[in-house]
Amino acid sequence: MLALLAGLGFGLSLIVAIGAQNAFVLRQGLRREHVGVVVAICAVSDAVLYAAGAAGFGPLVEQWPDTVVVVRWLGAAVVVGYGAMAAWRAIKGDTTLAAAEDGALGDSPGRRLKPVVLTAVALTWLNPHVYLDTVMLQGSVAATYGDTRWWFTAGAMVSSIAWFAALGYGARLLAPVLQRPGAWRVLDGVIALIMLAVAISLISG
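Figured I'd write up the structure that's included with this text. (Residues numbered from 1 in each chain as written. Predicted model: local features only at pLDDT ≥ 70, side-chain atom pairs only at ≥ 80, totals over all residues. Heavy atoms only, no water.)

### Some details on the overall build of the chain
Here's step 1: For the chain, the helix and strand inventory stands at 9 helices and 0 strands.
Here's step 2: When the helices and strands of the chain are read in sequence order from the N terminus, they spell out α-α-α-α-α-α-α-α-α.
Here's step 3: For the chain, the residues scored as buried account for 44% of the 205 residues in total.
Here's step 4: Of the roughly 10,200 Å² that the chain leaves accessible, carbon and sulfur atoms contribute 73%. (Helix = DSSP H or I, 4+ residues; strand = E, 2+ residues; numbered from the N terminus. Buried < 20%, exposed > 50% of the residue type's maximum accessible area, 1.4 Å probe, protein only. Areas by Shrake-Rupley, 256 points an atom, 1.4 Å probe, with all protein chains shown as cover.)

### A closer look at the pattern of salt bridges
Here's step 1: Counting across every chain of the model gives 1 salt bridge.
Here's step 2: Of the charged contacts in the structure, one is a salt bridge between Glu-33 and Arg-31, with a shortest N-O distance of 3.1 Å. Of the two residues, Glu-33 and Arg-31, both sit in the buried class. (Salt bridge = Lys/Arg side-chain N within 4 Å of Asp/Glu carboxyl O.)

### Focus: unusual backbone geometry
Here's step 1: Non-glycine residue Arg-32 carries a positive phi angle of around 55°.
Here's step 2: Relative to the assigned elements, Arg-32 resides in the loop between α2 (20-31) and α3 (35-54).
Here's step 3: The backbone of His-34 sits at a positive phi, close to 50°, despite the residue not being glycine.
Here's step 4: By the secondary structure assignment, His-34 is in the loop between α2 and α3.
Here's step 5: For His-34, a relative accessible area of 13% corresponds to the buried category.

### Some remarks on helix α7 (residues 128-143)
Here's step 1: With 16 residues, α7 should reach 22 Å at 1.5 Å per residue; the first-to-last C-alpha distance of 21 Å fits that figure.
Here's step 2: Those residues of α7 that fall on the buried side of the exposure criterion are Pro-128, Val-130, Tyr-131, Thr-134, Val-135, Met-136, Gln-138, Gly-139 and Ala-142. (Expected span 1.5 Å × (residues − 1).)

### Details of the packing of α3 against helix α6 (residues 113-125)
Here's step 1: One way to put it is that α3 packs onto α6 with a least axis distance of 10 Å and a crossing angle of 30°. With respect to α6, the axis of α3 lies roughly parallel. Pair α3 / α6 crosses with right-handed handedness. On α6, the residues touching Val-37, Val-38, Ile-41, Cys-42, Ser-45, Val-48 and Leu-49 of α3 are Leu-113, Val-116, Val-117, Ala-120, Val-121, Thr-124 and Trp-125. (Axes fitted to C-alpha atoms, helices over the stretch in contact; angles between N-to-C directions. Parallel < 35°, antiparallel > 145°, perpendicular 65-115°, else oblique. Left-handed = near helix turned anticlockwise from the far one by under 90°. Contact = heavy atoms within 4.5 Å.)

### Things to note about the nonpolar core
Here's step 1: Core analysis: the largest hydrophobic core is formed by 30 residues, its most contacted members being Phe-24, Val-79, Ile-191 and Met-195.
Here's step 2: If you list the elements that add at least two residues to this core, you get α2, α3, α5 (65-92), α6, α8 (149-170) and α9 (181-204).
Here's step 3: Top element by residues in this core is α9. It accounts for 9 residues. (Core = buried A, V, L, I, M, F, W, Y, C linked by side-chain atoms within 4.5 Å.)

### Re the environment of Ala-142
Here's step 1: If you trace the backbone, Ala-142 turns up in helix α7.
Here's step 2: With 86 residues separating them in the primary sequence, Ala-142 and Gly-56 have C-alpha atoms 9.6 Å apart.
Here's step 3: Ignoring anything within four residues of it in the chain, the contact list for Ala-142 reads Arg-149, Phe-152 and Thr-153.

### Some points on α8
Here's step 1: Under the 1.5 Å per step criterion, the end-to-end length of α8 is 31 Å for 22 residues, consistent within 8% with the ideal 32 Å.
Here's step 2: For α8, every residue scored as buried is listed here: Phe-152, Thr-153, Gly-155, Ala-156, Ser-159, Ser-160, Phe-164, Leu-167 and Gly-168.

### So, a nonpolar patch on the surface
Here's step 1: On the surface, a cluster of nonpolar side chains totalling about 270 Å² of accessible area is made up of Val-69, Trp-73 and Ile-203.
Here's step 2: The residue Ile-203 is located in helix α9 in this model. (Patch = residues over 30% accessible without salt bridge, like charges linked within 9 Å, V, L, I, M, F, W, Y side chains within 5 Å.)

### Observations concerning the packing of α2 against α3
Here's step 1: Where α2 meets α3, the closest approach of the two axes is 9 Å, and the angle between their N-to-C directions is 160°. The angle between α2 and α3 places the two elements in the roughly antiparallel class. Between α2 and α3 lies a crossing of left-handed hand. In contact with Gln-21, Phe-24, Val-25, Gln-28 and Gly-29 of α2, α3 contributes Val-35, Val-38 and Cys-42.
Here's step 2: For the contact of α2 with α3, a count of residues per class yields 5 nonpolar, 3 polar and no charged. (Nonpolar A, V, L, I, M, F, W, Y, C, P; charged D, E, K, R; others polar.)

Written as structure tokens, this is what we have:
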């Protein structure tokens, strides 16, 4: 149980930060567009990576630095592209909360599912930081727990599920604040700045 709680706390310390992935989940949650799918992709991806780290795949990542470099540049390209779209939305100022105006509890179809899925996958798997945090760092810490490392890893997985679910489905609580396009311009502007910062960090290595 102690290992489980330690993994839960450690996982939250890694994931609760403003980044490209969290910004995307937040925006999808606010618009109620395929939230369940996005949350599932992010949580399952983290679970797979946490498991890989606990299984000892960290050294393999270190042995193939060129792979990390390729992922880093691809990730930077994706983040720049998404940031540019957010900046364009902020400039145009035509984004509304129409997807949530019906007050339904379920997800609004909004945009087609495919581009949303591809964006969620790209922002998750083309970010080299995710491998450093989940596979190498979490894997290294989990190894110190010996036979209970899988309980530690399970705690980290639970933290990921809880965080993305809270971020995606809890975002709708901000809906009253974002009823006006002007508020969305501010949000998209902030997202664009976050994406730019992430892209710079990726390019700089």
